[in-house]
Amino acid sequence: MASQPEVERLRDWSLTDVVRGLNMWVFIPSVLIILGALGFATWWGSAHGAEAFESLNTAIVDTIGWWYVLIGTGFVIFALWAGVSKAGNIRLGRDDEQPEFSLGAWFCMLFAAGMGIGLVFWGVAEPLWHMIAPPEITGEAGVDADGNVIAGTESTIASETMGLSLFHWGLHAWAMYVVIGLGLAYMTFRRGRPLSVRWLLEPIFGRRLIESWVGHVIDTLAIVGTVFGVVSSLGIGTQQIAAGLGFMEWVEDPSSSLLLTGLVIVIMLVATISVVTGVHKGLKWLSNINMIVAAVMALFVLCAGPTLFLLQSLISNIGEYALAFPQLMFETGADYAAGAGNESSGFLGGAWSADWTIYYWGWWMSWAPFVGMFIGRISRGRTIREFVLGVLLAPTAVGIIWFSIFGSSGIYYQLTEGNMLIDDGEGGTTVGTEASLFQLLENLPLASLTAVVAIAVITIFFITSGDSGSLVTDVLAYGGRTETPKLTRVFWTALIALAAIALLAAGDDPSSSLRVLQVAAIASAAPFSIVMVLAVISQIQLYLYEGRTMSRYVRVRRHATKAAMVDAAREHAGTDEGPAVQRTLLQMLNEQTKTLRGMFGGTSATLSGLPAGTGAGQPEEDGKANKDLVLAIQDIPAHATHVDSVTGVLGWDRDAAYRDPIRADEVFETPEYSESYLGWEQEAEEYFEETVATGTIPTVDPDDDAK
């Protein structure tokens, strides 16, 4: 491997270094768009009232909802194709490279990516919402003779709610992360491009445009989407922490704007301190411990709650998800059962698909650069098949287990105790979305202790999300540089906090604030969704090219298996033992050696004209079949072959056979390129050409060997 090019380190607090290192064509537009969107949200809320976001959300969903549903399922199809096709054999790195992390450690990190504020926030609340306000697909059993809708039974609806929740947290969500994560891993570790979203589209636009305004637009869209995706998560996390403080009676009004603002400032201040002081490494350990605490909390609910019911639900929920998947994968306009949701909630006021599926797909896409960069960076050395199966299945399994414990527990206590809903203030009941987790814990022993643990878990997820979110946006703003100055990290942390405060303040109550966060996630993902579709097209081109040019290695044995040879000799000799069998066996071996020599004698310079025994290698040891011939075979399309008119030997035209979607001769003076498969291949080929060009074998001083 060639030595890595040195990358100049930027000083943490030097404004000159920051200006010199930042891609200003990405940084400035990103900041202006984010501030402009926050200004619009503030003006819209004050001028038209918080309810105006409902009509804004409806307008956005009616315009792009069908697009989100279509591409969401398209991403699942792409991910499955990449995993099961020949492309799955491509390694994210050099062909002989081993995974950077062990399988166990890799799965643990994928589990960590699958957990966060969202699961804790929606784990109890979402299934309850689907039970009291189900979609018409599951909430209506049919119509009677007079055309009146027959509502589904409560038990039937309750069992189907988990399938609806898992549909939103399963394969679709992680397929969106595969699109970005796999693309970044491939382009960085295989092709040596910088760790930036823009390079995913190089096959379409070419290097010149990717390094100019087209690339700037792509990274700007990625930053804006990431910021509002992270802000949406931090917003709901803040509301849930406030609800927990209210549950513990530590505050009087959990919905107070002053309280929510104070929580955002304090928690993001901790994230800022972690950036400035360098204790974010300690926060990584704290994050891992937090995962363990969350798992222990889930185990506690499983053991202290209706254990047998939850174990049964775990199995049945997998079946419900399998049933919901084909029902909902292309559903764009499902309404609530009997045509109306719970209007008094201020949350479920539109169509079911708009309130849930389309919102989630927008949220996941806005998070794709964030999560995608993480799972891409930890997957060096994995094959595409390993990547896809691991990223799709491991976090989906986390979601199934989490919802089966917390969601099924909430449904159980609502069906048996009727204590999981709250008064909506208008004579009806609704789901206390922010407080539903704490209502569940109140049904279990040690409620005060577990509530404090839950608040701590949410807070740490909040801090690590803010810290990581600022890092991802900073990496994109610097064009893929992984070591960025602390000054801009602090800036992004402060901007994310400001955005969370502004969006929470735009709503005058928790429900309307949640709607504002939804609108932010859905709207910010719209332009980036186009980038994701183009990224899929680019990756298909790249993987098809590599699939066609990839060598297949086959083993050519000198003879059949020993048992088969002996069996044939015995049959020919007509006896099981004796000289006749031995003589026949030796004759078969001798003739087969001659046949193989004649067959491969003219194949190449490495096989022809060599004395007998050359290439046989040393005797077999350590299970290695050294005497067998291994050939690298590459499939070539028929139209690219030709016959030499003089010798009659077959030849082929590489340019006619394959076309690399990106120029293979492009060189980058970056560590990513020198460590990638393409960089390694180029350096090795240059060394080969230099060695062959000399035409002489260098003499070696014995004294040097002794040294």
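Below or above, wherever it landed, is the structure these notes cover. All values reported here derive from a predicted model rather than from experimental measurement. Here the residue index of a chain counts from 1 through its sequence in written order. Predicted model: local features are reported for residues with pLDDT of at least 70 only, side-chain atom pairs are reported and counted for 80 or more only, and whole-chain, interface and lining totals are derived from all residues. Side-chain descriptors were evaluated using all non-hydrogen atoms of the structure, hydrogens and water having been removed beforehand.

## Notes on unusual backbone geometry
Note the cut-off: Only runs of H or I of at least four residues qualify as helices and only runs of E of at least two qualify as strands under DSSP, and these elements are numbered from the N terminus.
Even without being a glycine, E249 presents a positive backbone phi close to 60 degrees. Its location among the elements puts E249 in the loop between α10 (213-247) and α11 (257-277). Here the phi dihedral of L446 falls at roughly 55 degrees; this positive angle occurs in a residue that is not glycine. With respect to the helices, strands and loops of the structure, L446 is situated in the loop between α16 (436-442) and α17 (447-477).

## Observations regarding the pattern of salt bridges
Where we set the bar: By definition here, a salt bridge exists when the distance from a side-chain nitrogen of Lys or Arg to a carboxyl oxygen of Asp or Glu is within 4 Å. Buried residues are those whose accessible area, probed at 1.4 Å on protein chains only, stays under 20% of the maximum for their type, while exposed residues exceed 50% and partly exposed ones sit between those limits.
Applying the stated criterion to the full structure yields 11 salt bridges. As a salt-bridge pair, D17 and R11 come within 2.9 Å of each other at their nearest N and O atoms. The buried category is assigned to D17, whose relative accessible area is 3%. On the basis of relative accessibility, which here comes to 53%, the residue R11 falls in the exposed class. As a salt-bridge pair, D219 and R198 come within 2.8 Å of each other at their nearest N and O atoms. Remark: R198 occurs in the loop between α8 (171-190) and α9 (202-210) and D219 occurs in helix α10; sequence separation between them is 21 residues. By relative accessible area, D219 is classed as buried at 0%. Shared partners join several salt bridges into a network, and the residues in it are R11, D17 and R20.

## With respect to the side chain of R382
Operational definition: Whether two residues are in contact is decided by their heavy atoms: any pair within 4.5 Å suffices.
One can find R382 in the loop between α14 (352-377) and α15 (384-416). Among residues more than four places away in sequence, those in contact with R382 are I90, R91, L92, P99, F101, S102, L103 and W106.

## Quick look at the layout of surface pockets
Inclusion rule: Whether a set of points on the 1 Å grid over the protein atoms alone is a cavity depends on a 1.4 Å probe fitting there but being unable to get out, while an open set qualifies as a pocket with protein on both sides within 12 Å along at least five of seven lines; lining residues are those with an atom within 4 Å of a point. Grid points are joined across faces, edges and corners, and a volume is the space filled by probe spheres set on the points. Three categories are distinguished: nonpolar for Ala, Val, Leu, Ile, Met, Phe, Trp, Tyr, Cys and Pro, charged for Asp, Glu, Lys and Arg, and polar for the others, with Gly belonging to the last.
Taken as a whole, the second largest pocket encloses approximately 1,000 Å³ of empty space. Lining the second largest pocket are 27 residues, with T549, R654, Y677, E681 and E685 positioned closest to its centre. Of all the secondary structure elements, the ones that give two or more residues to the lining of the second largest pocket are α19 (510-549), α22 (654-657) and α24 (677-694). Split by residue class, the lining of the second largest pocket holds nine nonpolar, six polar and 12 charged.

## Things to note about the side chain of N290
Keep this limit in mind: Polar contact criterion, stated in full: a pair of N or O atoms within 3.5 Å, where within protein one must be able to donate a hydrogen and the other to accept it, and residues adjacent in sequence count only if both atoms are side-chain atoms.
Position of N290 relative to the elements: it lies in helix α12 (residues 280-304). A distance of 3.2 Å separates the side chain of N290 from the backbone oxygen of V457, its partner in a polar contact. Among residues more than four places away in sequence, those in contact with N290 are A456, V457, I460 and F461.

## Things to note about the environment of F27
With respect to the helices and strands, the residue F27 is situated in helix α2 (residues 24-48). For the pair F27 and T473, spaced 446 residues apart in sequence, the C-alpha separation works out to 9.4 Å. Each residue touching F27, except ones within four places of it in the same chain, is listed here: L22, A477, F491 and W492.

## Thoughts on a negative patch on the surface
Going by this rule: In this analysis, a patch consists of residues with relative accessible area above 30% that form no salt bridge, clustered at 9 Å for like charges and at 5 Å for the nonpolar side chains Val, Leu, Ile, Met, Phe, Trp and Tyr. Note on areas: these come from Shrake-Rupley sampling with a 1.4 Å probe, and a residue is covered only by the protein chains present in the view. For the purpose of charge, His is not counted, nor are the chain termini; Lys and Arg are scored as positive and Asp and Glu as negative. All charge positions are set by atom: Lys at NZ, Arg at CZ, Asp at CG, Glu at CD.
Taken together, E685, E686, E689 and E690 make up a surface patch of like negative charges. Residue position: E686 is located in helix α24.

## Overview of the packing of aromatic side chains
The test is simple: Any pair of Phe, Tyr and Trp rings, taking the six-membered ring for Trp, is counted once the centres come within 6.5 Å. Such a pair is stacked with planes under 30 degrees apart, edge-to-face with planes over 60 apart, and tilted for the rest.
Applying the stated rule across the entire model yields 36 aromatic pairs. Residues Y360 and W364 carry aromatic rings whose centres are separated by 5.5 Å and whose planes lie at 20 degrees to one another, so their mutual orientation is stacked. Separated by four residues within a single helix, Y360 and W364 lie in helix α14, roughly one turn from each other. Comparing Y360 with W364, the two get one shared label, buried. Three or more aromatic residues joined by ring pairs form one cluster here, namely F121, W122, W169, W174, Y177, W356, Y359, Y360, W363, W364 and F403.

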